[in-house]
Protein chains: 2
Amino acid sequence: MPAISIGFVIFPNLTQLDFTGPLQVLSRLPDSETQIVAKTRDPVPSDCGLSLVPTRTFEDCPPLDLICVPGGFGVAAAMRDAETVGFVRRMAEGARYVTSVCTGAFILGAAGLLQGHRATTHWAYTELLPLVGATHEPARVVWDGKVITAGGVTSGIDFALRIVARLAGENVARSIQLGIEYDPDPPFDSGHPDRAPEEVRQLVAPRYAQGREDYRAALSG
Amino acid sequence: MPAISIGFVIFPNLTQLDFTGPLQVLSRLPDSETQIVAKTRDPVPSDCGLSLVPTRTFEDCPPLDLICVPGGFGVAAAMRDAETVGFVRRMAEGARYVTSVCTGAFILGAAGLLQGHRATTHWAYTELLPLVGATHEPARVVWDGKVITAGGVTSGIDFALRIVARLAGENVARSIQLGIEYDPDPPFDSGHPDRAPEEVRQLVAPRYAQGREDYRAALSG
């Protein structure tokens, strides 16, 4: 038996990097085993033409010490899916860490797991956190007891390195960082709305206005 | 017909984030189409328990404007595979951009595509670049004519944003950066051997000593 059992929950139209970033990091955690869990074993289509193959179903997944839920536009449908939400709620009970990346936070929320917690999510959706009983904390990764939430998409890499440091020590986390050459050098400074130019914010605004509407509808239905 | 046809070549035991990072960015390039190409349509096992589903085979892949080859330990076998190397060589002829992330550079090299070029790869393998006729340039992303190479794993995100800026303009690249909240905040500064502590470098050394040996054997056989 590995010391740490980790499971990612995937669903149609997830943002694949929400999941694949932390998977790359956490799969190198010593003495751990990683599951990729979905409703069935069929490949799950992501948001960018790539389908991902689950290793377990909700039925045959072993107990998880750490559950991680990624985000994406598919969250609106996943939040409405009783099997998905029920699996997350059930697994979270015995887990040491209940986590999300990006708008995966709202699947935790739909399962009632963010009630009374500080949390974060993709910057475009933070205003919806009160709908699931959470208080937004403006940080890239928020730890609140057993609940750990990360911001949008690429924040999952920073999130996973922090988890490795907590579980296996700083040098192991640093060695994984070195292995994945995580020495970021973005060509621009537009990764957060506080710093992106106004015309860039305008370019993405319609995408997320629609997304928020879909999430609101899912959370109120 | 999309203006830009992009293809990623995948093979068993690739480092999935080498591929999934730039895929997330490039799939948002306007007026483009992305292919995920492998020998067959069977799911391709990556280095971390996740299998990835190709959208095309070497046989039925349309001409590519941009070909991108990721890396990983599976490169040693892929370099020896005449079909994989032959596909990359054939597609590169008509492509506007011939690119790699991480040790995918050695598949380009095995296809003869780095001869006389400045290039980079994962930091642990840069000393092998002369074996494929390339000169190492110490940068995270190296442009040399139509050949663009990126460093290890996560450098693929920086690489892809630079490509979007070139093809669609800076504001589009910035809008994708904002969408994926790429505002990196690594908890440590150990992403490059120049800055990682000695004990951390020692932790990963055996992994890459073996890797270099496998690559040397593949390149000399």
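Before reading further, recall that the structure is shown in the block above.
The sections below set out a description of the structure shown in this document. Numbers given for residues are sequential positions, taken from 1 along each chain in its written order. Key to labels: chains lettered from A, ligands numbered from 1, both in the order written. Note on the predicted model: pLDDT of at least 70 is required for a residue's local features to be given, and 80 or more for side-chain atom pairs to be given and counted; whole-chain, interface and lining totals, by contrast, use all residues. Excluded from the side-chain calculation are hydrogens and water; included are all heavy atoms of the structure.

1. Section: the side chain of Thr103(B)
All names here are of chain B. A run of H or I in DSSP counts as a helix once it spans at least four residues, and a run of E counts as a strand once it spans at least two, with each numbered from the N terminus. In this fold, Thr103 is placed in the loop between strand 7 (97–101) and helix 4 (105–110). For Thr103, the side chain forms a polar contact with the main-chain nitrogen of Gly72, separated by 2.9 Å. Polar contacts, as counted here, are pairs of nitrogen or oxygen atoms within 3.5 Å of one another; within protein the pair requires one atom able to donate a hydrogen and one able to accept it, and residues that are adjacent in sequence qualify only if both atoms are side-chain atoms. Only 2.7 Å separates the side chain of Thr103 from the side chain of Tyr215, close enough to count as a polar contact. By the convention used here, residues are in contact when the closest approach between their heavy atoms is within 4.5 Å. If we ignore the near neighbours within four places in the chain, the residues touching Thr103 are Gly71, Gly72, Val75, Thr121, His122, Tyr125 and Tyr215.

2. Considerations on the interface of chain B and chain A
Size of an interface, as often reported, equals the accessible area lost when the parts are brought together. Facing the 66 residues of chain B at the interface are 66 residues of chain A. Buried surface area refers to the total accessible area, computed with a probe of radius 1.4 Å, that the two partners give up upon joining, counted for both partners together. For the pair chain B and chain A, the summed buried area comes to about 5,600 Å², and 59% of that belongs to carbon and sulfur atoms. Interface area lost by chain B to chain A is led by Leu178(B), Glu181(B) and Phe188(B), which between them contribute 14%. Each salt bridge in this description consists of a side-chain nitrogen of Lys or Arg and a carboxyl oxygen of Asp or Glu lying within 4 Å of one another. Along the contact surface separating chain B from chain A lie six salt bridges. Arg162(A) is the partner of Asp185(B) in a salt bridge, and the nearest nitrogen-oxygen pair spans 3.2 Å. At the boundary of chain B with chain A, the tally comes to 43 residue pairs in polar contact (both at pLDDT 80 or more). The biggest single contributor to the side of chain B that touches chain A is helix 6 (residues 170–179) of chain B, with nine residues. Amino acids outside the nonpolar list (Ala, Val, Leu, Ile, Met, Phe, Trp, Tyr, Cys, Pro) and the charged list (Asp, Glu, Lys, Arg) are all regarded as polar, and Gly is one of them. Among the residues forming the side of chain B that touches chain A, the class breakdown is 30 nonpolar, 21 polar and 15 charged.

3. Things to note about the pattern of salt bridges
Counted according to the given criterion, the structure contains 28 salt bridges over all chains. A cluster of three or more residues bridged by salt bridges with shared partners is formed by Lys39(A), Asp81(A) and Glu83(A).

4. Points about the relation of the copies chain B and chain A
Each copy of the sequence occupies a distinct position, and chain B is placed on chain A by a rotation of 180° and an axial shift of 0.0 Å, giving an RMSD of 0.0 Å. Such a turn and shift between the copies fits a two-fold axis. It is Leu52(B) whose C-alpha, among those of chain B, lies nearest the rotation axis, at 2.6 Å. The atoms used to superpose the copies are C-alpha atoms, taken from residues with pLDDT of at least 70 in both, and the fit is least squares.

5. A short note on the pairing of strand 7 (residues 97–101) of chain A
All names here are of chain A. Using a 1.4 Å probe on the protein chains alone, a residue whose accessible area is under 20% of its type maximum counts as buried, one over 50% counts as exposed, and one in between counts as partly exposed. Within strand 7, five of the five residues are buried, leaving the element largely enclosed by the surrounding structure. Burial along strand 7 is two-sided: Tyr97, Thr99 and Val101 and Val98 and Ser100, pointing in opposite directions, are all buried. Sheet topology note: the strand 6 (residues 66–69)/strand 7 ladder contains four bridges and is parallel. The residue of strand 7 that forms the bridge with Val69 is Ser100. Between any two strands, at least two bridges found by DSSP are needed for them to pair. Relative to strand 11 (residues 147–150), strand 7 runs parallel, the two being bridged by four bridges. Looking at the pairing, Ser100 lines up with Thr149 of strand 11.

6. A look at the sheet that holds strand 6 of chain A
Residue and element names in this part refer to chain A. In spatial order, the strands read 5-2-1-6-7-11-10; together these seven strands make up an open sheet with mixed pairing. With one partner strand each, in any of the chains shown, strand 5 (56–57) and strand 10 (141–144) form the two edges of the open sheet. Across six bridges, the pairing between strand 1 (residues 4–9) and strand 2 (residues 32–38) is parallel. The residue of strand 2 that forms the bridge with Gly7 is Gln35.

7. Details of helix 6 (residues 170–179) of chain A
All names here are of chain A. By the criterion of burial, helix 6 is predominantly enclosed, with eight of the 10 residues buried. Within the span of helix 6, buried status applies to Val172, Ala173, Arg174, Ser175, Ile176, Gln177, Leu178 and Gly179. Positive backbone phi, at 45°, marks Glu181, one or two positions downstream of helix 6.

8. Examining the nonpolar core
One finds Phe87(A), Val88(A), Phe87(B) and Val88(B) to be the most contacted residues of the largest nonpolar core, which totals 162 residues. Once residues within four sequence positions are removed from consideration, Phe87(A) is found in contact with Val9(A), Val37(A), Phe58(A), Cys61(A), Leu64(A) and Ile67(A). In plain words, nonpolar cores are sets of buried Ala, Val, Leu, Ile, Met, Phe, Trp, Tyr and Cys residues tied together by side-chain atoms within 4.5 Å.

9. Some details on the packing of helix 6 of chain A against helix 7 (residues 198–220) of chain B
Here the axes come from fitting lines to C-alpha atoms, over the contacting stretch only for helices, and the angles between their N-to-C directions go from 0 to 180 degrees. At a closest axis distance of 9 Å, the pairing of helix 6 of chain A and helix 7 of chain B adopts a crossing angle of 55°. By the criterion of interaxial angle, the relationship of helix 6 of chain A to helix 7 of chain B is oblique. Every pair of crossing elements has a handedness; the one defined by helix 6 of chain A and helix 7 of chain B is right-handed. Each of Asn171(A), Val172(A), Arg174(A), Ser175(A), Leu178(A) and Gly179(A) in helix 6 of chain A lies in contact with helix 7 of chain B, whose residues at this interface are Glu199(B), Val200(B), Arg201(B), Leu203(B), Val204(B) and Tyr208(B). Working definition: roughly parallel below 35 degrees, roughly antiparallel above 145 degrees, roughly perpendicular at 65 to 115 degrees, and oblique for all remaining angles. For any pair of crossing helices, the crossing counts as left-handed if the nearer helix is rotated counterclockwise from the farther one by less than a right angle, and right-handed if it is rotated clockwise.

10. Comments concerning unusual backbone geometry
Negative phi values dominate among residues other than glycine, just as trans dominates among peptide bonds. Look at Glu181(A): it is not a glycine, yet its phi comes out positive at around 45°. Tracing the chain through its elements places Glu181(A) in the loop between helix 6 and helix 7 (198–220). Judged by relative accessible area, Glu181(A) falls into the buried class, the value being 7%. Unusually for a residue other than glycine, Cys102(B) sits at a positive phi of about 60°. By secondary structure assignment, the location of Cys102(B) is in the loop between strand 7 and helix 4.

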